Structure formats: structure tokens, C-alpha cells
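Remarks on the overall topology
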Amino acid sequence: MFYAWELCGSVMMKRALSCLAVVLLVGGLVLAEEKDSAKEVALRTAEALRPTIDRLAIELWNYSETALRENRSAALLAATLEEAGFSVEREVAGMPTAFVASYGTGAPVIGILAEYDALPGMSQKAVPYREAVKDGLPGHACAHSGLGAGALGAAIAVKVALEKHNLKGTIRLYGTPAEEQGIGKIFMVRDGLFDDVDACLSWHPDNDNKIRLQPSKALRSFEKMEEGILVAPPGSGKTIMGLELIARKKQPTLIIVHKKQIFDQWVERIEDFLDIPKKLIGQLSGAKKKVKIPITVAMVQSLSRREDLNELGAKFGTVLVDECHHVPAKMFSHVITQLSP
């Protein structure tokens with residue numbers, strides 16, 4: 001397999017508030033020049049908003065509207081944000097239930113994602129066991145009712161901190177419908193609604209509080225294919241996505257790079273994220289000539305001088321080429337062709 005990385009209910013309410021604190025801490029760290037005091041303001045505001053967040057989450061739960069039909073849910077969140085001082089643009093990206101709420105000016109621009117769609121046929125009372133309100137009706141099986149309300153609370157709390165400390169920056173709440181169908185955010189990206197965003201935060205109700213790096217949509221696409229190209233700008237986490245793909249594939253992997261700096265970065269990240277000691281990582285670079293399973297990092301210059309590339313390729317189930325825009329070059333083409341089974 002060749003992959004190329006290119007540069008370019010009541011229980012749920014409590015979880016919503018606790019997870020919200022994590023989002024606010026991150027938001028405060030990003031936006032605040034006076035970090036501690038701004039964070040404290042945001043956290044106090046979030047706590048003060050608890051009754052509002054609870055109420056909104058319960059209302060969203062009771063609405064339980066499915067993809068692109070979240071009319072009351074979107075209207076409720078948008079109106080609440082307007083009352084809190086946000087400017088709201090409705091029906092964005094051609095979707096009647098999508099909106100963007102903004103407060104502040106200038107950079108950094110920080111986005112928070114809100115979801116509020118329910119699932120068909122998952123009607124559920126607000127109890128910790130399976131019991132439908134009415135069989136066949138929609139329900140919030142993924143707790144997007146808490147997600148939407150918690151995200152709104154986070155946005156308002158950061159807005160209050162910005163306002164109180166007269167900080168530069170913009171906070172945005174993106175109302176993203178149809179998450180269960182995986183289409184809402186795609187259309188919003190297509191229409192450029194995230195083009196000026198410096199960082200975007202999301203959260204999801206879960207069993208415990210944690211920060212998770214999970215670029216899942218890109219990885220899911222890769223998991224279904226024998227080969228592919230990931231195109232992403234600098235700093236978007238391509239190396240981390242590559243490591244996650246390696247962990248999911250559970251196959252011996254050869255990573256090919258063309259610069260020593262990138263080579264060293266991969267070795268370091270493999271140690272940090274895959275918990276593989278440096279002595280167990282194969283390295284093919286200059287005087288380093290050790291091929292090791294389950295993972296080897298190789299300079300393309302070193303590979304081009306080997307006469308056993310076909311044999312070498314047979315040892316690995318996955319080959320990952322970093323900065324693959326160099327592949328058309330004669331050296332890269334020769335190596336990739338000879339590694340292919």
C-alpha cells in the first residue's frame with residue numbers, strides 16, 4: 001500500500017459542562033494575552049451559564065431534528081448567540097440550518113464547531129437506559145444536543161473574556177448541520193467559511209474528559225484505499241495523521257523522505273506517538289543501514305543506491321512517502337517503481 005503526504009438528557013448535561021471546561025481552557029490559552037485572568041473570566045462565565053446550557057441542551061434533545069431539518073435547533077442556537085452580542089449569518093453554504101456567529105475583530109480567528117442533528121429511529125427518553133419516547137422517531141443517540149449547547153456556552157464565555165480584557169481576536173461559533181451524514185462542514189469548507197480561521201476547536205460528549213487529536217475523516221478515506229495522496233498545508237498535522245494511519249493499519253511500514261530534517265522528525269515522532277524506542281526503528285540514511293520491522297525510515301538518496309529494492313518492498317505492507325510532490329523526479333520514480341510488488 002502506497003500513501004503519499006503532500007505539503008501543501010440530565011446525564012448528558014453534566015458531561016456537556018465538564019467537557020466544556022476543556023474547550024474553554026484551550027480557547028483561553030489561544031486568545032488571551034493576559035492568560036490567567038482571561039481564563040478565569042471564561043471559566044466563571046461558563047459556570048454562570050450552566051442553567052442556560054442545561055436548558056438549551058434539553059430543548060435540543062426534545063427537538064431531535066435530523067440532518068438538514070434542524071430548523072428549530074439552529075434557530076434556537078442562533079437567536080441565543082444574537083442575544084449574547086454575536087452577529088449571526090444564517091443559511092450559509094446553501095443550507096437552511098447552517099449558520100456562523102461571530103464576535104470580535106482581527107486575528108487570531110478561533111472557531112468552535114457546534115452540531116445539533118439527531119439520528120433517525122433513535123427516539124430516547126432522558127434516562128440512562130434504552131427507552132424510546134415513541135418507537136420510530138428520531139433521537140440524540142450521539143448527544144449532539146449537549147454538543148451544540150456546550151459549544152455555544154464556550155463561545156459566549158470566550159466572548160465575555162475578550163470583551164472584559166479588551167483583547168484582539170475573533171471568536172466564531174459555526175453551526176454545522178448534518179454531521180451524521182458527514183456533509184455540513186464539507187459544504188462550509190467548500191464555500192470558504194473557514195479560510196481565515198487560525199484554529200478550530202470541537203468537542204464531543206464521552207465517558208471522560210480528554211483532549212483528542214483525531215483527524216478521522218481524512219484517515220477513514222485512506223483506510224478504504226490501497227493508495228492515495230494527502231494534500232494539506234504546513235502545520236496541519238500530516239506527520240501525526242501518518243502515524244495514526246500506521247497504527248490503524250498494523251502493518252510493517254517504510255517511510256520515505258528526502259531531507260535529513262524530515263528524517264529526524266519522523267524518528268522522533270515515532271518514539272513519541274507510537275512508543276517505539278529509537279533502537280527498534282530502522283534507519284536508512286548515510287552510514288545508517290539497518291532495516292527493521294515494524295517500521296523503517298529511509299532517505300530516498302540511500303534507497304536509490306540499493307540493488308535489493310524489490311526484496312525490500314516485499315517486507316513492508318505500507319509505504320508512506322513524505323512530500324510526495326518530489327515523486328516525479330527521476331530518483332523518486334526509480335525507487336517507488338522498484339519497491340512496488
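Our structure is the block above this text.
None of the values given here were measured: they were computed from a predicted structure.

Here's the deal with the pattern of salt bridges
- This structure, assessed with the given rule, holds 13 salt bridges.
- Residue D191 pairs with R190 through a salt bridge whose shortest N-O separation is 2.8 Å.
- Overall, D191 belongs to the partly exposed group, its relative accessible area being 39%.
- Residue R190 is classed as exposed on the basis of its relative accessible area, which comes to 53%.

A look at the sheet that holds strand β6 (residues 199-201)
- With respect to topology, 5 strands assemble into an open sheet ordered β2-β3-β5-β4-β6, the strand pairing being mixed. At either margin of the open sheet sits one strand with a lone partner, and together these are β2 (87-90) and β6. Ignoring which end each strand starts from, the neighbouring axes of this sheet average 20 degrees apart.
- Where strand β3 (residues 99-105) and strand β5 (residues 169-175) come together, 7 bridges link them in antiparallel fashion. Bridged to Y103 within β5 is I171.
- Across the face of the sheet, helix α4 (residues 71-83) comes into contact with β2, β3 and β5 while running at roughly 155 degrees to β2.

Quick notes on the packing of helix α8 (residues 238-249) against helix α9 (residues 260-274)
- The contact between α8 and α9 brings their axes to 10 Å, and the two run at 55 degrees. Viewed along their axes, α8 and α9 adopt a mutual orientation that is oblique. Two packed elements cross with a definite hand, and for α8 against α9 that hand is right-handed. The residues of α9 that touch α8, namely those facing T239, I240, G242, L243, I246 and A247, are Q265, W266, R269, I270, F273 and L274.
- Within the contact of α8 with α9, the residues separate by chemical class into 8 nonpolar, 3 polar and 1 charged.

Quick look at the pairing of strand β11 (residues 295-299)
- Burial of β11 is extensive: 5 of the 5 residues sit out of reach of the surface.
- With 3 bridges joining them, strand β9 (residues 282-285) and β11 adopt parallel strand pairing. Following the sheet pairing, L284 is matched in β11 by A298.

Concerning α8
- Between the first and last C-alpha of α8 there are 16 Å, a value that for 12 residues agrees with the 16 Å anticipated at 1.5 Å per step.
- With 9 of 12 residues buried, α8 lies mostly within the body of the structure.
- Along α8, the positions that sit buried rather than exposed are K238, T239, I240, M241, G242, L243, L245, I246 and K249.
- K250 sits one or two residues past α8 and shows a positive phi near 55 degrees.

A closer look at the packing of aromatic side chains
- Using the criterion set out here, one finds 3 aromatic pairs in the structure.
- On the basis of an interplanar angle of 20 degrees and a centroid distance of 4.2 Å, the ring pair of Y174 and F194 is categorised as stacked. Of this pair, Y174 sits in strand β5 while F194 is found in the loop between α6 (184-190) and β6, placing the two residues 20 residues apart along the sequence. Across the pair, F194 and Y174 agree in class, each one buried.
- The side chain of K159 reaches across the aromatic face of Y103, ending 5.1 Å from its centre.

A look at the packing of helix α3 (residues 50-63) against helix α5 (residues 144-165)
- Relative to each other, α3 and α5 sit at 150 degrees, their axes nearing to 8 Å. Handedness of the crossing formed by α3 with α5: right-handed. Here I53, L56, A57, L60 and W61 of α3 come into contact with α5, specifically with S145, G146, G148, A149, G150, L152 and G153.
- Of the residues contributing to the contact of α3 with α5, the split by class is 7 nonpolar, 5 polar and no charged.

Cut-offs used in this document
- Residues numbered from 1 in each chain as written.
- Predicted model: local features only at pLDDT ≥ 70, side-chain atom pairs only at ≥ 80, totals over all residues.
- Heavy atoms only, no water.
- Salt bridge = Lys/Arg side-chain N within 4 Å of Asp/Glu carboxyl O.
- Buried < 20%, exposed > 50% of the residue type's maximum accessible area, 1.4 Å probe, protein only.
- Pairing = 2+ DSSP bridges.
- Helix = DSSP H or I, 4+ residues; strand = E, 2+ residues; numbered from the N terminus.
- Axes fitted to C-alpha atoms, helices over the stretch in contact; angles between N-to-C directions.
- Contact = heavy atoms within 4.5 Å.
- Parallel < 35°, antiparallel > 145°, perpendicular 65-115°, else oblique.
- Left-handed = near helix turned anticlockwise from the far one by under 90°.
- Nonpolar A, V, L, I, M, F, W, Y, C, P; charged D, E, K, R; others polar.
- Expected span 1.5 Å × (residues − 1).
- Phe/Tyr/Trp six-rings, centres within 6.5 Å; stacked < 30°, edge-to-face > 60°.
- Lys NZ or Arg CZ within 6 Å of the ring centre and 35° of its normal.

Honestly, it's all geometry; don't read function into it.
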